[in-house]
Amino acid sequence: RELLGEHEIFAAQRVIDTELSGAFLTDVGVVARGRVALTTPTLLRDIEALQGFLAAQPEVVKTWSVADHVKEMNHVFGGKDPAGRYIPNSGDLIAQYLLLIQSARTPSDLPTVLDSTDHYATIVLGTRDLGTSALRSLRRRADAFVADELQGSPEVRFVGDYWGVSRGTRALASGQVRVT
C-alpha cells in the first residue's frame, strides 16, 4: 500500500531534511594525486573549497569533513576568536590537532571522514531524496569544480549507498529496456 503525502513518515523526513542533516547521505571520497597525505594545509584547503562548493548547491542540506575538525580545533585553541575558524598554515599544528582528536576519551566521527593513513578523506553530504538525475548532475558539477578551481587535484569519487542506488537505477532501467 502506498503512503499518502501527509503520512507521518513523510512529515518526519521533512523535519530531517530541513532541520537536521538530510535524510539521504552521500560520501564524496577524496584522494590526493600521488597518494600523499591529505592533511597538509594546501590539500585541506582544497577539501574545504570543495565542501564549500557542495554546501552551496541547492540539493545539499548539510556537509561535513576533516576540514571542519581542523578548523574547530584551531578555533578552540586560538582563544575562540570568531575569525579563528580556518585551516592553519602549519602542517605540524594540524597533525597535533588530529592527534588530540584521535586520542580523546570520547570518540569523534573523525574516522568517518579521514582514514588512519590520512590518504583518503570523505566529505559527507546530507541531502533530501534527489533522484538519480539530480544526484548525477551534482556529481558532474563537483567534477567540473575540481577541474576548474582545484586544477584537477584531488581525485573525487561519489560513493556510498545512495550513490550506488542512483547508479544502479540507470543500469536496471537499461537492462529492462533491452529485455522487454
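Residues numbered from 1 in each chain as written. Predicted model: local features only at pLDDT ≥ 70, side-chain atom pairs only at ≥ 80, totals over all residues. Heavy atoms only, no water.

**Some thoughts on the packing of helix 2 (residues 41-55) against helix 6 (residues 132-149)**
Logical step 1: The N-to-C vectors of helix 2 and helix 6 enclose an angle of 145 degrees; their axes lie 11 Å apart at closest approach. Note on packing geometry: the crossing formed by helix 2 with helix 6 is right-handed. The segment helix 2 lies against helix 6, with Ala-49, Leu-50, Phe-53 and Leu-54 engaging Leu-138, Arg-141, Ala-142, Phe-145 and Val-146.
Logical step 2: The residue inventory of the contact of helix 2 with helix 6, partitioned by class, reads eight nonpolar, no polar and one charged. (Axes fitted to C-alpha atoms, helices over the stretch in contact; angles between N-to-C directions. Helix = DSSP H or I, 4+ residues; strand = E, 2+ residues; numbered from the N terminus. Left-handed = near helix turned anticlockwise from the far one by under 90°. Contact = heavy atoms within 4.5 Å. Nonpolar A, V, L, I, M, F, W, Y, C, P; charged D, E, K, R; others polar.)

**Focus on helix 4 (residues 91-103)**
Logical step 1: Along its 13 residues, helix 4 runs 18 Å from first to last C-alpha, staying within 8% of the 18 Å computed at 1.5 Å per residue.
Logical step 2: Listing the buried residues of helix 4 in full gives Ile-94, Tyr-97, Leu-98 and Ile-101. Viewed end-on, helix 4 has its buried residues packed into an arc of 95 degrees, placing them on one side of the element. Counted as exposed and oriented over 90 degrees from the buried face of helix 4: Asp-92, Leu-99 and Ser-103.
Logical step 3: The inward-facing, buried residues of helix 4 abut helix 2, helix 3 (66-77) and helix 5 (110-113).
Logical step 4: Between the side-chain oxygen of the N-cap and the backbone nitrogen of Asp-92 there are 3.3 Å, and the N-cap of helix 4 in question is Ser-90. (Expected span 1.5 Å × (residues − 1). Buried < 20%, exposed > 50% of the residue type's maximum accessible area, 1.4 Å probe, protein only. Arc of directions from axis to C-beta. Polar contact = N/O pair within 3.5 Å; in protein donor to acceptor, adjacent residues only side chain to side chain.)

**With respect to unusual backbone geometry**
Where the residue is not glycine, phi is negative for most of them; where a peptide bond is considered, it is trans in most cases.
Logical step 1: A cis amide bond, omega 5 degrees, links Ser-153 with the succeeding residue Pro-154.
Logical step 2: With respect to the helices, strands and loops of the structure, Pro-154 is situated in the loop between helix 6 and strand 4 (155-159).
Logical step 3: Positive phi outside glycine occurs at Asp-118, with the angle close to 65 degrees.
Logical step 4: Take Asp-118: it is sitting in the loop between helix 5 and strand 3 (120-127).
Logical step 5: With a phi close to 55 degrees, Gln-151 is a non-glycine residue in the positive phi region.
Logical step 6: As for its position among the elements, Gln-151 is in the loop between helix 6 and strand 4.

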